[in-house]
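A closer look at the structure
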Amino acid sequence: KRENLQQLTVLTFHDLCIRIATEAGADARHKSGFSQDEYFNTILPDLLLTSIEKLPERRFDAIVVDEGQDLEPLWWYHLGSLLKSEQEGWFWIFRDTAQNLYNREQNLPDDMESYPLDQNVRNTKTIHEAAAPYASGDAGYSRGPVGPEVRYELATTKRAVRTVVRKLLHELVTDGGIPPEDIVLLTGKSVKNSSLAGHGRVGAFDLKPL
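So, on to a nonpolar patch on the surface. Together, Val64, Trp90, Trp92, Phe94 and Leu117 make up an exposed nonpolar region whose accessible area comes to about 590 Å². Of note, Phe94 is situated in the loop between β2 (90–93) and β3 (119–120). Here Phe94 falls in the partly exposed class, since its relative accessible area comes to 35%.

The following block contains the structure:
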């Protein structure tokens, strides 16, 4: 568990920039005169570089990056500067270029080896095949079971969405015998901006946001 690993630091890239800058005594606040894009894309990363030079003992043995497609290629140099040893340190980047929501360049450091992970161990084969046409590049393959057929329901209003959810929950729980705690509802937006916002109950079922 993470709480038992006292030497483990878990932060977003920009929160890491702020943490290191603050430890070095720098002011990492967003100042007027700079846009949000400038602050996050340039100011904070540059502040990380200048700040770590003042903290020679503040280095890491290993750096693991998740959602690497969201980071600018230049930031790999910034993160590499945090390693105790570039020759012996561990630097792992996990990314899915099909989820490049910020349209970042996807170049990796020249000396980094690439290992494609083409096995989907999260979804059934049926779900994987239904989603594959929407992925850019090679979608890989699913190692899961076949699973039931993917079903599509049309709902054009928030109220209609809740009606569909109520019907599906009834089918799964009442008719299918699936325990409610084994069901997860995924929304296309954050919960507070979804069709289920403010509704802690749909039909006979309680909804618990995560």
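Our focus in this paragraph is the packing of aromatic side chains. Aromatic ring pairs are defined here through the distance separating the ring centres and the angle between the ring planes. The full count for this structure, using the stated rule, is five aromatic pairs. Ring plane angle 15° and centroid distance 4.6 Å describe the contact between Phe13 and Trp75, whose orientation is recorded as stacked. Of the two residues, Phe13 is situated in helix α1 (residues 13–23) and Trp75 in helix α3 (residues 75–80); the sequence distance between them amounts to 62 residues. We classify Phe13 as buried; its relative accessible area is 10%. With 4.9 Å between their ring centres and 70° between their planes, Tyr39 and Phe40 make a pair best called edge-to-face. Residue classification places Tyr39 among the buried residues on the basis of a relative accessible area of 8%.

A word on empty space enclosed by the protein. Empty pockets left among the atoms are what a rolling probe the size of a water molecule brings to light. Throughout the structure, instances matching the rule amount to one cavity of 30 Å³ or more. Looking at the largest cavity, its volume works out to about 30 Å³. As for the largest cavity, its lining consists of Gly68, Leu71, Pro73, Trp76, Arg95, Glu105, Gln106, Asn107 and Leu108. Tallied by class, residues from the lining of the largest cavity come to four nonpolar, three polar and two charged.

Turning to unusual backbone geometry, a few remarks are in order. Of note, Glu67 is a non-glycine position whose phi angle comes to about 55°, a positive value. Judged by its relative accessible area of 35%, Glu67 falls in the partly exposed class. For Asn103, which is not a glycine, the phi torsion comes out positive at approximately 55°. Along the chain, Asn103 turns up in the loop between β2 and β3.

Attention shifts here to the layout of surface pockets. In this model, the largest pocket occupies a volume close to 2100 Å³. In this structure, the largest pocket is lined by 46 residues; those nearest its centre are Phe94, Arg95, Asp96, Tyr115 and Leu117. Ranked by residues supplied to the lining of the largest pocket, first place goes to β2 with four residues. For the lining of the largest pocket, the class distribution of residues is 22 nonpolar, 14 polar and ten charged. Each pocket or cavity is described by its volume, and for the second largest pocket that value is around 1400 Å³. In terms of lining residues, the second largest pocket is bounded by 30 residues, among which Arg151, Leu168, Val184, Leu185 and Leu186 are the most central.

Quick notes on the rules
- Residues numbered from 1 in each chain as written.
- Predicted model: local features only at pLDDT ≥ 70, side-chain atom pairs only at ≥ 80, totals over all residues.
- Heavy atoms only, no water.
- Patch = residues over 30% accessible without salt bridge, like charges linked within 9 Å, V, L, I, M, F, W, Y side chains within 5 Å.
- Areas by Shrake-Rupley, 256 points an atom, 1.4 Å probe, with all protein chains shown as cover.
- Salt bridge = Lys/Arg side-chain N within 4 Å of Asp/Glu carboxyl O.
- Helix = DSSP H or I, 4+ residues; strand = E, 2+ residues; numbered from the N terminus.
- Buried < 20%, exposed > 50% of the residue type's maximum accessible area, 1.4 Å probe, protein only.
- Phe/Tyr/Trp six-rings, centres within 6.5 Å; stacked < 30°, edge-to-face > 60°.
- 1 Å grid on protein atoms, 1.4 Å probe; cavity = no way out; pocket = protein on both sides within 12 Å on 5 of 7 lines; lining within 4 Å.
- Points joined across faces, edges and corners; volume = space filled by probe spheres on them.
- Nonpolar A, V, L, I, M, F, W, Y, C, P; charged D, E, K, R; others polar.

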